[in-house]
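One letter stands for each residue in the lines below.
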Amino acid sequence: MPSHFDIVIIGSGAGGGTLAQRLAPTGKSILILERGEHLPREAENWDPKSVFIQRRYRTQEKWYDRHGHPFTPNTHYWVGGNTTFYGAALMRMRGRDFTEVEHAGGVSPAWPISLTDLAPYYAEAETLWQVHGARGDDPTEEGDEPPYAYAAVHHDPGVAALKGHWETQGWRPFSLPLGVKLDQAHPVTSTCIKCKTCGGYPCLLKAKSDARTLAIEPLMDLPNVTLLTGRKALRLETDPSGKTVTQVICHTENGEETWSGDIVVLAAGAANTAVVLQASANAAHPNGLANGSDQVGRNYMFHNSTAMVSMTMRREDVTFPKTLAVNDFYWGDPKGGYDLPMGHIQLLEYMSGQTLEGQIEDWLPPALVPDALAGAAAERMLSMLVISEDLPQQNNRVRLNPDGRISLDYTFGNLEGHDRLVNILKASLDGFVDHAHPISQHHFQLDSLLPLYGTAHQCGTTRFGADPASSVLDRDCKAHELDNLYVVDTSFFVSANAINPTLTTVANALRIGDHLIDRLGARTPTARVAASGDGLAAHKAGEGLA
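Read on for a plain summary of the structure. What you see is a predicted model; the values in this text were computed from it and never measured.

## So, the sheet that holds strand β19 (residues 397–400)
Strand pairing in a sheet relies on backbone hydrogen bonds. The paired strands run either parallel or antiparallel.
Working step 1: An order of β4-β3-β20-β19 is seen for the four strands of this open sheet, with the pairing classed as mixed. Either end of the sheet is taken by a strand with one partner, and the two such strands are β4 (70–71) and β19.
Working step 2: With two bridges connecting them, strand β3 (residues 63–65) and β4 associate as antiparallel partners. Residue pairing in the sheet places Tyr64 in a bridge with Pro70 of β4.
Working step 3: Sitting on the sheet, helix α6 (residues 270–279) is in contact with β3, β19 and β20 (406–409), with an inclination near 40° to β19.

## Quick notes on helix α10 (residues 502–519)
Working step 1: Compared with an ideal rise of 1.5 Å per residue, which puts 18 residues at 26 Å, α10 spans 25 Å between its outermost C-alpha atoms and is within 8% of the ideal.
Working step 2: Among the 18 residues in α10, 15 count as buried, and that is most of the element.
Working step 3: Positive phi appears at Gly521, one or two residues downstream of α10, with a value of about 65°.

## Structural notes on the side chain of Ser50
Working step 1: Structurally, the position occupied by Ser50 is in helix α2 (residues 48–53).
Working step 2: Residue class for Ser50 comes out buried when judged on its relative accessible area of 4%.
Working step 3: Only 2.6 Å separates the side chain of Ser50 from the side chain of Asp47, close enough to count as a polar contact.

## Things to note about the packing of helix α1 (residues 14–23) against α10
Working step 1: Following both chains from N to C, one finds α1 and α10 inclined at 35°, their axes separated by 8 Å at the closest point. In this structure, α1 meets α10 at a crossing whose hand is right-handed. Facing Ala14, Gly15, Thr18, Leu19, Arg22 and Leu23 of α1, the residues of α10 in contact are Thr502, Thr505, Val506, Ala509, Leu510, Ile512, Gly513, Asp514, Leu516 and Ile517.
Working step 2: Here the contact of α1 with α10 is composed, by residue class, of nine nonpolar, five polar and two charged.

## Things to note about the nonpolar core
Working step 1: Counting residues in hydrophobic clusters, the biggest one holds 112 residues, and the most contacted among them are Ile30, Leu33, Trp111, Trp129, Leu236 and Leu485.
Working step 2: In terms of residues, this core owes the most to one element, α10, which gives seven residues.
Working step 3: Not counting the four nearest positions on each side in its chain, Ile30 is found in contact with Phe5, Ile7, Ile9, Ala20, Leu23, Ala24, Asn224, Val225 and Thr226.
Working step 4: Core analysis: the second largest hydrophobic core is formed by 22 residues, Val318, Phe329, Leu382 and Val386 among them.

## Brief notes about the pairing of β20
Walk down a regular strand and you will see the side chains alternate between the two sheet faces.
Working step 1: Here β20 shows two buried faces, one formed by Ile406 and Leu408 and the other by Ser407 and Asp409.
Working step 2: With three bridges connecting them, β3 and β20 associate as parallel partners. From the neighbouring strand, Asp65 faces β20, where its bridge partner is Leu408.
Working step 3: Pairing of β19 with β20 involves four bridges; the strand directions are antiparallel.

## Points about the environment of Pro468
Working step 1: Along the chain, Pro468 falls in the loop between β21 (435–440) and β22 (485–487).
Working step 2: For Pro468, a relative accessible area of 45% corresponds to the partly exposed category.
Working step 3: Not counting residues up to four positions away in its chain, the partners in contact with Pro468 are Ser293 and His480.

Thresholds, definitions, all that
- Residues numbered from 1 in each chain as written.
- Predicted model: local features only at pLDDT ≥ 70, side-chain atom pairs only at ≥ 80, totals over all residues.
- Heavy atoms only, no water.
- Pairing = 2+ DSSP bridges.
- Helix = DSSP H or I, 4+ residues; strand = E, 2+ residues; numbered from the N terminus.
- Contact = heavy atoms within 4.5 Å.
- Axes fitted to C-alpha atoms, helices over the stretch in contact; angles between N-to-C directions.
- Expected span 1.5 Å × (residues − 1).
- Buried < 20%, exposed > 50% of the residue type's maximum accessible area, 1.4 Å probe, protein only.
- Polar contact = N/O pair within 3.5 Å; in protein donor to acceptor, adjacent residues only side chain to side chain.
- Left-handed = near helix turned anticlockwise from the far one by under 90°.
- Nonpolar A, V, L, I, M, F, W, Y, C, P; charged D, E, K, R; others polar.
- Core = buried A, V, L, I, M, F, W, Y, C linked by side-chain atoms within 4.5 Å.

Nothing here speaks to function; it is geometry throughout.
Structure representation (structure tokens):
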């Protein structure tokens, strides 16, 4: 096997996997380095005890908070990255999200690109990732989005009842856009069966739209694409001028390996991408690679989130609840009195008794919770997530310590709008549930965060921008200070907005893929069609499915 490739991509998640998929039809040689292995397909994929209590698939590494206390991040190192375990909610940023927005806690900065730049890639990503949704119901939509290729997932009776309850209060709940391989017209042959083991689980049927099934696995037999697992990127080395990355150094079970590429792309996740750059300090980059601005690792964001578990005396007729969302309060209170952003509400996945035990084990060990009691509670629950924007802060940062430990220095902020929305949601449930119990992230120390949320939406550690003095990357996600280094995971985000980041990551990777195709002189009349061929084929096959 050669040691030099046209493109080396570090990480196989939403960003890295999508970029490889975009570039593969060019015929350029592509090496994908993934620190994890292929996730085994086994019964434990769908076992809540294995997933949520034993945490069979979650990393065991320790990070450290700003007080030096260790914690285990809610991160999964497998082919496909964290998308294998995500909840499949795939939403577009709104046009205003790309601009400077005032919040109660400060200012959300503007992006160097606009929605216009990303809109065609959003449309392509929605088709490629088989997003099921309905246009016109979300009050924050721009109004010019093309229809979804796949109709919205039907609500279970308990969710439909909640939707009606909110509508009587003047709310405009809408169908949460979901990436699932679901044929609602033909349930017998549908890949997705709308089971109780979706978000937080790897899908045993591979029915979830994720990077491993949609981006990586279709490439594995291509002669110009090489995927190597068990390769953890340690550092990048440059030529003496510091302008060009010349080598990628990886750790393997057999020792270190060295690889090189004309183009090197980091997509290891917002925290780990920053760590690799910091570990790559050299004479030309004494503060870490691409870190002349001192922004690498800074501005870490991961949303202010509250999970609200609503209990009823009766059993809820729900098996697949994550189909409903609310954006009425995204930019403020539509009734007036508060004109600053509050955030987004969406229903969470079904929680079994053991899933619930896994979420509360920081306070109550599962051994002390009878399975019958936890199961009975789960049958009477609807779980909701309030997501609000986490503003970038210079001192919220990822640091690589001299001893190799990863530190996450973080202080919660911008909670005023978030707390308002939590209280609005609680009040809205009066008359529908018997009581609501909020579990708020910011009430706990960083090493006690609920593992369901934790670091799942991390972003912002190598933000892009026009000014090299205040950003790490340019608008094409190339490092300002290097000629051949790019970043395509959520590290490039300037702001976190208040929605799940995956669709934006996929869309941006498609955009950067087209930039690299032009840079490499690899565009042909059919290159773009070929690159998105799987998505177009899925679109045609799925017309009228639901």
